[in-house]
Amino acid sequence: MTEHVDLSEFSARHGGLPGLRGFLARPPGDGPRPGVVVLFEASGADAVNKRLTERMAEAGYLALMPDLYHGRSPYRCLVPTMRSALSGRGRVYGDIEAARQWLLADPGCTGKVGVIGFCMGGGFALVLAGQGRFDAAAANYGRAPSDADAAMKGACPVIASYGAKDRAFRGYAATIRAALERAGVEHDVKLYPDAGHSFLNEADNVPPVLRPVMRAVMGIGPEPAAAADAWQRIEAFFGKHLAAEQA
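Residues numbered from 1 in each chain as written. Predicted model: local features only at pLDDT ≥ 70, side-chain atom pairs only at ≥ 80, totals over all residues. Heavy atoms only, no water.

(A) Inspection of the overall build of the protein at higher detail. A tally of regular secondary structure across the protein gives nine helices and eight strands. For the protein, the residues scored as buried account for 51% of the 247 residues in total. In the structure as shown, the protein presents an accessible area of about 10800 Å², 53% of it carried by carbon and sulfur atoms. (Helix = DSSP H or I, 4+ residues; strand = E, 2+ residues; numbered from the N terminus. Buried < 20%, exposed > 50% of the residue type's maximum accessible area, 1.4 Å probe, protein only. Areas by Shrake-Rupley, 256 points an atom, 1.4 Å probe, with all protein chains shown as cover.)

(B) Summary view of the pairing of strand β3 (residues 33-39). β3 sits mainly inside the fold: six of its seven residues count as buried. In the sheet, β3 pairs with strand β5 (residues 109-118) via six bridges, with the strands oriented parallel. Within the sheet, the bridge partner assigned to V38 lies in β5 and is I116. As paired elements, β3 and strand β4 (residues 62-66) share three bridges and run parallel to each other. (Pairing = 2+ DSSP bridges.)

(C) Seen up close, the pattern of salt bridges. Applying the stated criterion across every chain, the model contains 12 salt bridges. In this structure, R51 and E202 form a salt bridge, with 3.2 Å as the shortest nitrogen-oxygen distance. Linking R51 in helix α2 (residues 47-58) with E202 in the loop between β8 (187-192) and α8 (211-218), this pair joins segments that are 151 residues apart in sequence. Judged by its relative accessible area of 54%, E202 falls in the exposed class. (Salt bridge = Lys/Arg side-chain N within 4 Å of Asp/Glu carboxyl O.)

(D) Expanded view of the sheet that holds strand β6 (residues 136-140). Here eight strands make up an open sheet; going across it, the order is β1-β2-β4-β3-β5-β6-β7-β8 and the pairing mixed. Two strands close off the open sheet at either side, each with one partner strand: β1 (3-6) and β8. Strand after strand, the sheet turns through a mean of 20° between neighbouring axes, direction not considered. This element, helix α7 (residues 172-183), spans β7 (158-163) and β8 of the sheet and lies at about 165° to β8. In the packing of helix α9 (residues 224-241) onto the sheet, contacts are made with β3, β5, β6, β7 and β8, and the angle to β8 comes to roughly 175°. (Axes fitted to C-alpha atoms, helices over the stretch in contact; angles between N-to-C directions. Contact = heavy atoms within 4.5 Å.)

(E) Spatial organisation of the nonpolar core. Ranked by internal contacts, the top residues of the largest apolar core, which has 78 residues, are I116 and F238. Those residues in contact with F238, other than ones at most four positions away along the chain, are V36, M56, Y61, V115, I116, A136, A137, A138 and A243. (Core = buried A, V, L, I, M, F, W, Y, C linked by side-chain atoms within 4.5 Å.)

(F) Molecular detail of the environment of G114. Relative to the assigned elements, G114 resides in strand β5. Taking the C-alpha atoms as reference points, G114 and D135, 21 residues apart in sequence, are found 5.3 Å from one another.

(G) Quick look at the packing of helix α4 (residues 91-105) against helix α5 (residues 120-129). Two elements in contact, α4 and α5, have axes whose closest approach is 12 Å; the angle formed by their N-to-C orientations is 80°. By the angle between their axes, α4 is roughly perpendicular relative to α5. Touching V92, Y93 and I96 of α4 are F124, V127 and L128, all from α5. Of the residues in the contact of α4 with α5, the class split is six nonpolar, no polar and no charged. (Parallel < 35°, antiparallel > 145°, perpendicular 65-115°, else oblique. Nonpolar A, V, L, I, M, F, W, Y, C, P; charged D, E, K, R; others polar.)

(H) Structural detail: unusual backbone geometry. Positive phi, close to 60°, is recorded for C119, a residue that is not glycine. Along the chain, the position of C119 falls in the loop between β5 and α5. You can call C119 buried: its relative accessible area is 14%.

(I) Summary view of the side chain of S11. When you line up the elements, S11 lands in helix α1 (residues 8-13). A distance of 3.1 Å separates a polar atom in the side chain of S11 from a polar atom in the side chain of D95. Discounting chain neighbours no more than four positions away, the residues touching S11 are G16, L17, L20, D95 and A98. (Polar contact = N/O pair within 3.5 Å; in protein donor to acceptor, adjacent residues only side chain to side chain.)

(J) Structural detail: the packing of aromatic side chains. All told, the structure shown has seven aromatic pairs when counted by the stated rule. Stacked on the ring of F10, the Lys or Arg R13 has its end atom at 5.1 Å from the ring centre. The ring of F134 carries the charged tip of R100 above its face, separated from the ring centre by 6.0 Å. (Phe/Tyr/Trp six-rings, centres within 6.5 Å; stacked < 30°, edge-to-face > 60°. Lys NZ or Arg CZ within 6 Å of the ring centre and 35° of its normal.)

Listed below in structure tokens is the structure:
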């Protein structure tokens, strides 16, 4: 289960919007764990995206999803938030940094922090990978930056997953893989032939009236076999790059 946390103090320090809150899922067991900032897809902080946060906690991470929409409707916030994601700047990035700083300040965090994003959040994760703040980044069906080579230069290790049935994001896997290879960044990029957009979701959260169109254009919806493989890759990749440094 996720719990509400107040991120407003950290948001004020780092240029985010006032009143920021987040959804935290703590891993089972004792001892400090690596932190992960979870960035939701376009639908916002709904039950499906909270479940993704819980999934990261079950894998052993202190998982925090900042509410980048500040409790408002996705229909009101999606366009300006997407513009911020594509530009690589703006108050949304202050909100994300607030979540990272909250994790670093929590005694339950080891001091290693990764970022994982889905859909819109995956686009943020790709930009953030090259900004020098995170120890590893996972981008799931995220839009490639307009200048992928510049964005991936000096990036932290990146793992990315895409679905071949997602026609709207066609070619992004190859674009990201090539940019990471040219930048010499450790990476794991995979395209799943039987999956579409949002294939890591455990339930369909697209409004029923939009589902026929979204399935036709983006192949949107859960794909359990691809999801199981992607989670295994993510856990292994984060396990390697977010592990505590040996003394």
